[in-house]
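The chain contents come next:
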Amino acid sequence: MTEADLTDEERAIYEWQMWMPDLGEEGQRKLKSASVMVSRVGGVGSVVAYELAAAGIGKLVLAHAGNVKPSDLNRQLLMTHEWIGKPRMESIQRRLHDLNPRIEIVGVEENVSEENVAQLVSQCDLIVDCAPLFPERFAMNRQAVLQNKPLIECAMYEMEAHITTVIPHQSPCLQCIFPEDPPTWKREFPVLGAIAGTVGCMGAVEAVKVITGIGDPLSGRLLRMDLRKMSFQMMKVSRRADCTVCGTQKPAHQP
Ligand SMILES: [Zn+2]
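Residues numbered from 1 in each chain as written. Predicted model: local features only at pLDDT ≥ 70, side-chain atom pairs only at ≥ 80, totals over all residues. Heavy atoms only, no water.

Q: For this particular structure, what's the right way to read unusual backbone geometry?
A: For residues other than glycine, phi is negative in most cases, and the peptide bonds are mostly trans. A positive phi angle, close to 55°, is found at Glu158, a residue other than glycine. Mapped onto the elements, Glu158 comes out in the loop between strand E5 (151–157) and strand E6 (160–166). Not every positive phi belongs to a glycine, and Met230 is a case in point at roughly 50°. The exposure class assigned to Met230 is exposed, which follows from its relative accessible area of 57%. (Helix = DSSP H or I, 4+ residues; strand = E, 2+ residues; numbered from the N terminus. Buried < 20%, exposed > 50% of the residue type's maximum accessible area, 1.4 Å probe, protein only.)

Q: Whenever I open this one, the coordination of the zinc ion confuses me. Can you help?
A: Only Cys173 (SG), Cys176 (SG), Cys243 (SG) and Cys246 (SG) from the protein reach the zinc ion as donors, at distances of 2.2 to 2.3 Å. As a motif over one chain, the donors of the zinc ion read C-x2-C-x66-C-x2-C. Here the residue Cys173 occupies a position in the loop between E6 and helix H8 (174–177), and Cys243 occupies one in the segment after strand E8 (231–236), the gap between them amounting to 70 residues. Across the pair, exposure class does not vary: Cys173 and Cys243 are buried alike. (Donors = N, O, S within 2.8 Å, 3.2 Å for Na, K, Ca; no water.)

Q: What am I meant to see in the packing of helix H4 (residues 43–55) against helix H9 (residues 193–212) here?
A: For any two helices packed against each other, the geometry comes down to the angle between their axes and how far apart the axes lie. One way to put it is that H4 packs onto H9 with a least axis distance of 7 Å and a crossing angle of 40°. Between H4 and H9, the angle is such that the two are oblique. Here H4 and H9 pass one another in a crossing that is right-handed. Between H4 and H9, the residues in contact are Gly43, Val44, Val47, Val48, Glu51, Leu52 and Ala55 and Ala196, Gly197, Val199, Gly200, Cys201, Ala204, Ala207 and Val208, respectively. (Axes fitted to C-alpha atoms, helices over the stretch in contact; angles between N-to-C directions. Parallel < 35°, antiparallel > 145°, perpendicular 65-115°, else oblique. Left-handed = near helix turned anticlockwise from the far one by under 90°. Contact = heavy atoms within 4.5 Å.)

Q: I'm lost on H4 in this one. Help?
A: Structurally, the α-helix is built with 3.6 residues per turn, so residues lying three or four positions apart point the same way. With 13 residues, H4 extends 19 Å between its outermost C-alpha atoms, agreeing within 8% with the 18 Å of an ideal straight helix rising 1.5 Å per residue. Where H4 is concerned, the buried positions are Gly43, Val44, Gly45, Ser46, Val47, Val48, Ala49, Leu52, Ala53 and Ala55. In the stretch just after H4, Gly56 is the one whose phi turns positive, near 90°. (Expected span 1.5 Å × (residues − 1).)

Q: Teacher, can you tell me more about the pairing of E5 here?
A: Both faces of the sheet carry side chains from a regular strand, because those side chains alternate between them. Among the 7 residues that make up E5, 6 are buried, leaving the element largely enclosed by the rest of the structure. Of the strand pairs in this sheet, strand E4 (residues 126–129) and E5 are connected by 3 bridges, and their pairing is parallel. Bridge pairing links Asp129 to Glu153 in E5. As a crossover connection, the stretch from E4 through helix H7 (residues 134–146) into E5 is right-handed. (Pairing = 2+ DSSP bridges. Right-handed = clockwise from strand over helix to strand, strands pointing away.)

The structure is reproduced here in structure tokens:
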């Protein structure tokens, strides 16, 4: 029995998704063999991690620092009331294992930084980035491109969200799309939990698609949603030759 073979119990649990003809048992084995990193397991990342645990991803590498706060509970669905004041990562691991005790979880009580990002990315096949701030997202994007790992970028604000998928060296990276840290982006902002959950579910869908090879991922496309109006806009995005992360054009010589 190879590592990716399914047990009878797993066949029973994942039966209804294996009925999808392009997923099937082969796709389920790919999910079981895959490791996915979720950066910040908050409003968006909790839903990504929960859906990926339900789908039977073999290993989740999760990074999020700090203790559960009352203000987390409107959206961070892996945190529970009785865990207020205790480490978020303990609550996250407990809830995921309650759902699916078969998956391996590596819980890191740190947020992504320039210091830890290379080591974290080296532990996974694919990343779903749900960090709220651009310095963290830029560090993740740079490392994903460097280590050639697909990266799904999910972000939201109030009742708006956007999502794109980066296939390094093939599709535009985050820095091709956002060359600079947007000056208006803030650490704390209005969040309706269901909006975070919507883009989180989409992030999990993209991860399953890239791992199993089904469908068309959002590479080269940025989906912007205004859920107040239920308006969805698909934007074509292109690689930039002068991108400081994945560009092919050498920087101009400084005299
Ligand atoms: Zn780029």
